[in-house]
Every structure is written in structure tokens, then in C-alpha cells.
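Here is what each chain is made of, one letter per residue.
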Amino acid sequence: MNTLQKAIKHFCLITKHKWVVFKLCVKVGEPIRGILHDLSKYSWTEFSEGVKYYSGTHSPIIECKKHKGYSEAWLHHKGRNKHHSEYWIDKNTPQKFIIMPYKYVAEMLCDKMAAGMIYKGKEWTKEYELRYWLEEKDKIDINPKIRDLVTDCLTQVSKNGIDEVYTKENFKKLYKKYCS
Ligand SMILES: [Zn+2]
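What you see is a predicted model; the values in this text were computed from it and never measured.

**A look at the overall build of the chain**
Next up, step 1: Helices and strands together make up the secondary structure of the chain, namely 10 helices and 0 strands.
Next up, step 2: The secondary structure elements of the chain, listed N-terminal to C-terminal, are α-α-α-α-α-α-α-α-α-α.
Next up, step 3: Compactness check: the chain gives a C-alpha radius of gyration of 16 Å against a globular reference of 16 Å for 180 residues, within 12% of the reference.
Next up, step 4: When the backbone C-alpha atoms are referred to their principal axes, the chain occupies close to 50 × 40 × 30 Å.
Next up, step 5: Counting across all 180 residues of the chain, residues that qualify as buried make up 47%.
Next up, step 6: Considering only contacts in the chain between residues 6 or more positions apart, those separated by 24 or more positions represent 61%.
Next up, step 7: Only carbon and sulfur atoms are counted for the fraction: they give 57% of the accessible area of the chain, which is about 10,100 Å².
Next up, step 8: Charge-centre separation for the chain: the mean point of 33 positive side chains lies 2 Å from the mean point of 22 negative side chains.

Structure representation (C-alpha cells):
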């Protein structure tokens, strides 16, 4: 694949991802988060790396880290996008991992679900996201209450599916249960 082809593919992938996130955000009553989601992916720092390490089956950030040891796109992304738990870290505070505000937790849950659905395509099942999360969750820097909230949410999805779980009422209930 040449650079232009990779650029087109990468553009389509991030735009498709944004669209799926938007639809889920609308479903949980956070349309604005859906519109603003991941806009920095169209910036030069993130877009050019995404093209260079485009794979189509997994995130170019992972691919770049394998080659370079780190990803400038990721450092750029996590510093600007509040739906990533890594944004909410300040090791010079007593809690270190700050509890994310509700709207960003909702956006993060939509982001996780959309990412799995797009990368897995037809192979995606409602149990997939939980399986993936259980392998990842202890490697991620995240407030423990938010970690438990995500586990609860994805467990619900693995049993009842997205339609039942991804609602404004249920998301508010989950946030209240773990974060207040
Ligand atoms: Zn993001």
C-alpha cells in the first residue's frame, strides 16, 4: 500500500470510528461529546503517524510503539482528550488518578465499544469488549472506582447487549454507584 492509499484508509477509519462513537454518545445522551470526540486525530502530529503505521487490524499507536518504542501521536492525544483516563493523572496529588467527570466517562465507554466493533467487524460479539478489558484493566492508569465502573458496564453488555446497557439512565446509575 502506498502512502496516499494508507492516508485515505486511515482517514476513513478514524472518521468511521468517530461516527460509531457519535451514535453511541447520542444513545447515552451526550451528543456534544460525540461531535467533539477525537478531533485531534486530524492534527498533523496524530494523522501523519497514523498513516505511517496504518495496519487496519489494530491501532497504529500500538504499531508505532513496537517500532519506535513510543508514540508521539499518543502523547499528543492523551494530553488533549479528556475521555482518556491517562489525561486525569497528576502524581503530585494525593489521589494521583483523579475521578473523571461523568461526561468523559460516558464518552470513554462509547469509545471503547466503538473501537472493538470497528476492529473486529463481523467477528464482534457482545462478550468481546469485556474479555479485552479484563486483560487490559490492570495495566491501565485509571482511578480504581472508574476501573470498577467500566468492568461493571462491560459485564452488563456481555450479558444484555449494548442496546439495554448504553442508555442515559443506566450510565447515570453506574456513575452514581461508583463515583458518589
Ligand atoms: Zn481518543
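After that view, the rundown keeps rolling.
**So, empty space enclosed by the protein**
Next up, step 1: Applying the stated criterion across every chain, the model contains 1 cavity of 30 Å³ or more.
Next up, step 2: Its volume calculated, the largest cavity comes out at about 30 Å³.
Next up, step 3: Taken together, S85, W88, I89, F97, I98, M100, D141, I142, N143 and I146 form the lining of the largest cavity.
Next up, step 4: Of the residues belonging to the lining of the largest cavity, the class tally is 7 nonpolar, 2 polar and 1 charged.

**Describing helix α4 (residues 60-68)**
Next up, step 1: By the burial criterion, the buried members of α4 are P60, E63 and C64. Each buried residue of α4 lies within a common arc of 100 degrees when the element is viewed along its axis, so the set occupies one face.
Next up, step 2: Contacts from the buried residues of α4 go to α1 (3-27), α3 (44-52) and α6 (102-120).
Next up, step 3: By the N-cap criterion, in which a side-chain oxygen at the helix start approaches the backbone nitrogen of a residue two or three places on, α4 is capped by S59, the distance to I61 being 3.0 Å.
Next up, step 4: Looking one or two residues beyond α4, the residue adopting positive phi is G69, at roughly 95 degrees.

**Remarks on the coordination of the zinc ion**
Next up, step 1: Only D38 (OD), H77 (NE2), H83 (NE2) and H84 (NE2) from the protein coordinate the zinc ion, and they sit 2.1 to 2.3 Å from it.
Next up, step 2: Of note is the zinc ion, whose 4 donor atoms meet at the metal with angles of 82 to 161 degrees in an arrangement that counts as irregular.
Next up, step 3: Coordination of the zinc ion draws on donor residues from a single chain, spaced D-x38-H-x5-H-H in sequence. With D38 in the loop between α2 (31-36) and α3 and H84 in the loop between α5 (72-78) and α6, this pair connects stretches of sequence that are 46 residues apart.

Cut-offs used in this document
- Residues numbered from 1 in each chain as written.
- Predicted model: local features only at pLDDT ≥ 70, side-chain atom pairs only at ≥ 80, totals over all residues.
- Heavy atoms only, no water.
- Helix = DSSP H or I, 4+ residues; strand = E, 2+ residues; numbered from the N terminus.
- Rg over C-alpha atoms; globule rule 2.2 N^0.38 Å.
- Buried < 20%, exposed > 50% of the residue type's maximum accessible area, 1.4 Å probe, protein only.
- Contact = heavy atoms within 4.5 Å.
- Areas by Shrake-Rupley, 256 points an atom, 1.4 Å probe, with all protein chains shown as cover.
- Lys, Arg positive; Asp, Glu negative; His and termini not counted.
- Charge placed at Lys NZ, Arg CZ, Asp CG, Glu CD.
- 1 Å grid on protein atoms, 1.4 Å probe; cavity = no way out; pocket = protein on both sides within 12 Å on 5 of 7 lines; lining within 4 Å.
- Points joined across faces, edges and corners; volume = space filled by probe spheres on them.
- Nonpolar A, V, L, I, M, F, W, Y, C, P; charged D, E, K, R; others polar.
- Arc of directions from axis to C-beta.
- Polar contact = N/O pair within 3.5 Å; in protein donor to acceptor, adjacent residues only side chain to side chain.
- Donors = N, O, S within 2.8 Å, 3.2 Å for Na, K, Ca; no water.
- Tetrahedral: all angles 85-135°; square planar, octahedral: opposite > 155°, others 65-115°.

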